[in-house]
Amino acid sequence: MRPDVEIHRRFLVAIAYRMLGSVADAEDVVQDAYIRYLAMSEAEVESPKALLGTIVTRLCLNLLGSARRRRETYVGSWLPEPIWSEADALDASSPLARWQSVSVAFLVVLEQLSPLERAVFVLHELFDYDYAEIGQVVERTPAACRQLGCRAREHLERQRPRSPPTPEAHRELVARFAYSVGSGDLRGLVDLLAEDVVLDADGGGRFPGAVLAPLRGREAVARFVASTPRLPAGPFDGAIGDVNGEPALLLRGRADAVIRVVIALEIDGGVVRAIRAMANPEKLRWLNASRDR
């Protein structure tokens, strides 16, 4: 085995996770890339890191095409797979990439891009590739890549919170949200929510009581969230954990301490504008592998 193979793993998983929103898929893609890389001759390898990055990106583009077809038949909303904030997949080339580019809200917006737009944006904005380098990776001209990148950036700018909270304010609001959920304080929950708040829940058809379509409006969302501790999959104990670069509410089964639900809040202007509850047990396996955190 070439000695340079493993030293680029964190970089490669970082790209793949942002492209796919899944730790499991990212790890599989990187492993596949290694297999392909090791089958190549020394003469074909000018820069191991650049070549591996190209292979990983192309594999992700292929996988995104089939993933979109699978998600058309997915039960309920599809949300990204949560990761611990200090996980290797957070490692990237800039503070923005390490902190913001793995937030659940950001990954959800990336899902709205075309696969090529997503690849160009991730490589250019988060990993400092220039458009000529990206063109070689995705087999497009630099001008075409620049256009794709501009479209992606404009889309993300439209979706970006205008008044995002500081990390301290975010944690405080999550704590208030957790208290209201735990106490069943419906009025307290309503006060935390934007008028047009949206709740998305990803149970994958495997979590009893999960909503199958987004809920909209603060009254409907507050009533549902207030009932969460009494869902058929409960009872739960709540705690705040650092997930995807931000504080999130973790609901663990009281009997076994297994994480059953991860609730991420998107905050703008001091109120919650989106709630994303991830409850598909397949997507929580990675978190539960390190449940002592």
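Every chain begins its residue count from 1, and numbering advances along the sequence as written. For this predicted model, a pLDDT threshold of at least 70 governs which residues receive local features, and a threshold of 80 or more governs which side-chain atom pairs are given and counted, while totals over whole chains, interfaces and linings are taken from all residues. Each side-chain value is worked out from all heavy atoms of the structure, with water and hydrogens disregarded.

(A) Molecular detail of the sheet that holds strand S6 (residues 271–278). Pairing between strands requires that DSSP locate at least two bridges from one strand to the other. The secondary structure listing takes helices from DSSP runs of H or I that are at least 4 residues long and strands from runs of E that are at least 2 residues long, numbered from the N terminus. The strand order S2-S1-S6-S5-S4-S3 describes an open sheet built from 6 strands, whose pairing is mixed. Since the sheet does not close on itself, it has two edges, and those belong to strand S2 (215–216) and strand S3 (236–243), each with one partner. As paired elements, strand S4 (residues 246–253) and strand S5 (residues 259–268) share 4 bridges and run antiparallel to each other. Along S5, the bridge assignment pairs leucine 251 with valine 261. Strand contacts of helix H9 (residues 167–183): S3, S4, S5 and S6, with the helix running at about 25° to S4, the strand carrying the most contacts. Contacts are assigned to residue pairs with any non-hydrogen atoms lying within 4.5 Å of each other. A fitted line through C-alpha atoms serves as each axis, taken over the contacting stretch for helices, and the angle formed by two N-to-C directions is quoted from 0 to 180°.

(B) Local environment of the nonpolar core. Here, nonpolar core refers to any group of buried Ala, Val, Leu, Ile, Met, Phe, Trp, Tyr and Cys residues whose side-chain atoms link them within 4.5 Å. Relative accessibility under 20% of the residue-type maximum defines a buried residue, over 50% an exposed one, and the middle range a partly exposed one, all with a 1.4 Å probe and only protein chains included. Counting residues in each nonpolar core, the largest one holds 49 residues, and the members touching the most others are Ile15, Met19, Val56, Leu110, Phe127, Tyr129 and Ile134. Those elements that place two or more of their residues in this core are helix H1 (9–20), helix H2 (23–38), helix H3 (48–71), helix H5 (104–110), helix H6 (115–127), helix H7 (131–138) and helix H8 (142–159). In terms of residue count, H1 provides more of this core than any other element does, 9 residues in total. In this view, leucine 110 contacts Arg18, Arg118, Phe121, Val122 and Leu156; residues no more than four positions away in its chain are not counted. Counting 29 residues, the second-largest nonpolar core is a separate cluster that includes Leu173, Phe177, Phe207 and Val261.

(C) Representation of the confidence of the model for the chain within the structure. Values of pLDDT, the confidence the predictor places in each residue, fall between 0 and 100. Mean pLDDT over the chain works out to 86, with 89% of the residues at or above the 70 mark. Under a pLDDT of 50 for its full length, residues 88–99 has, in the predicted model, 36 contacts with residues more than four places off or in other chains.

(D) How the structure looks around the side chain of arginine 118. Tracing the sequence through the fold places arginine 118 in helix H6. Classification of arginine 118 as buried rests on a relative accessible area of 1%. When neighbours within four sequence positions are excluded, arginine 118 is seen to be in contact with Arg18, Met19, Leu20, Gly21, Leu64, Leu107, Leu110, Glu111 and Leu113.

(E) Broad picture of H7. All of the buried residues in H7 are Tyr131, Ile134, Gly135, Val137 and Val138. Buried residues along H7 cover an arc of 160° about the axis, so they all sit on one side. Downstream of H7 by one or two residues, glutamate 139 has phi in the positive range, about 60°. By definition, the arc is the one covered by directions from the helix axis to the C-beta atoms.

(F) Inspection of unusual backbone geometry at higher detail. Its identity as a non-glycine residue notwithstanding, aspartate 128 has a phi of 60°, on the positive side. Its place among the elements puts aspartate 128 in the loop between H6 and H7. Owing to a relative accessible area of 54%, aspartate 128 belongs among the exposed residues under this scheme. Of note in this structure, alanine 257 is not a glycine but carries a positive phi near 65°. Turning to its location among the elements, alanine 257 is positioned in the loop between S4 and S5. With a relative accessible area of 34%, alanine 257 lands in the partly exposed category.

(G) Focus on the pairing of S4. Counting buried residues along S4, 7 of its 8 residues qualify, which places the element largely inside the surrounding structure. With 8 bridges connecting them, S3 and S4 associate as antiparallel partners. Residue pairing across strands places glycine 241 opposite alanine 248, the latter belonging to S4. Counting the residues in the hairpin turn of S3 and S4 gives 2 residues, including asparagine 244, whose phi is positive at 50°.

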